[in-house]
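One-letter residues, chain by chain:
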Amino acid sequence: VQLQASGGGLVQAGGSLRLSCAASGRTFSSYVMGWFRQAPGKEREFVAAISRRGASTFYADSVKGRFTISRDNGKNTVYLQMNSLKSEDTAVYYCAADFSLQATVNAAADEYDSWGQGTQVTVSS
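This is a predicted model, so every value here is computed, not measured.

Peer 1: Please set out the side chain of D98 residue by residue, giving values where relevant.
Peer 2: Within the element layout of this structure, D98 appears in strand β9 (residues 91-98). At 6.4 Å, R52 is the nearest oppositely charged side chain to D98, a buried residue that forms no salt bridge. A polar side-chain atom of D98 sits 3.0 Å from the main-chain amide nitrogen of S100. Side-chain polar atoms of D98 contact the side chain of N106, separated by 3.5 Å.

Peer 1: Could you give me a rundown of the sheet that holds strand β8 (residues 77-82), with the residues and numbers involved?
Peer 2: One open sheet holds the 4 strands; their spatial order is β1-β3-β8-β7, and the pairing between them is antiparallel. In this open sheet, the two strands that pair with only one neighbour each are β1 (3-6) and β7 (67-72). Each strand axis lies, on average, 15° off the axis of its neighbour in the sheet, ignoring direction. Examined bridge by bridge, β7 and β8 share 6 bridges and lie antiparallel to one another. Paired with T68 across the bridge in β8 is Q81.

Peer 1: Could you give me a rundown of the state of the cysteines, with the residues and numbers involved?
Peer 2: Taken as a whole and judged by the stated rule, the model has 1 disulfide. Bridging C21 to C95, the disulfide has an S-S length of 2.1 Å. Linking C21 and C95, the disulfide has an S-S dihedral of approximately 60° and is accordingly described as right-handed. Of the two residues, C21 sits in strand β3 (residues 17-23) while C95 sits in strand β9, which places them 74 residues apart along the sequence. As far as burial versus exposure is concerned, C21 and C95 are alike and both buried.

Peer 1: Hey, could you go over the packing of aromatic side chains for me, with residue numbers and the actual values?
Peer 2: Going through the model one piece at a time under the given rule, you end up with 6 aromatic pairs. Ring geometry for F36 against W115: centres 4.9 Å apart, planes inclined by 55°, an arrangement best described as tilted. One end of the pair, F36, is in strand β4 (residues 32-38); the other, W115, is in strand β10 (residues 114-115), with 79 residues separating them in the sequence. Through pairs of rings, three or more aromatic residues link up here, namely F36, F46, F58, Y112 and W115.

Peer 1: Please provide a residue-by-residue account of the environment of A96, values included.
Peer 2: Structurally, A96 can be placed in strand β9. If we ignore the near neighbours within four places in the chain, the residues touching A96 are L3, V32, M33, G34, F36, Y112, S114 and W115.

Conventions used here
- Residues numbered from 1 in each chain as written.
- Predicted model: local features only at pLDDT ≥ 70, side-chain atom pairs only at ≥ 80, totals over all residues.
- Heavy atoms only, no water.
- Helix = DSSP H or I, 4+ residues; strand = E, 2+ residues; numbered from the N terminus.
- Buried < 20%, exposed > 50% of the residue type's maximum accessible area, 1.4 Å probe, protein only.
- Lys, Arg positive; Asp, Glu negative; His and termini not counted.
- Salt bridge = Lys/Arg side-chain N within 4 Å of Asp/Glu carboxyl O.
- Polar contact = N/O pair within 3.5 Å; in protein donor to acceptor, adjacent residues only side chain to side chain.
- Pairing = 2+ DSSP bridges.
- Axes fitted to C-alpha atoms, helices over the stretch in contact; angles between N-to-C directions.
- Disulfide = S-S within 2.5 Å.
- Phe/Tyr/Trp six-rings, centres within 6.5 Å; stacked < 30°, edge-to-face > 60°.
- Contact = heavy atoms within 4.5 Å.

Right, dumping it as structure tokens:
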């Protein structure tokens, strides 16, 4: 599967952005999907994950209450709505797919099998 992330940009602190990640293929609804981010000089970190039908979600503590992950299986797309953005949210954001049939929402990057190219989010203070 190929993943294409979009929606990044420059926003002022306190503002909002919505990221999208479009997936190719017909089995999108069978994947657990996640969002990760990597800031300059830092390791990639987990942001959020969502189960196959969207019933379960999981968030990093740093974004809980501000970010919302959702998916539209009819459109093969997963979203990340980001509100109340802070300068520390500045990073390249990546979407990822976990193909395992036993997968549950999880934060472990090495569990994800396919990654998008990333989209830059810059929050100015």
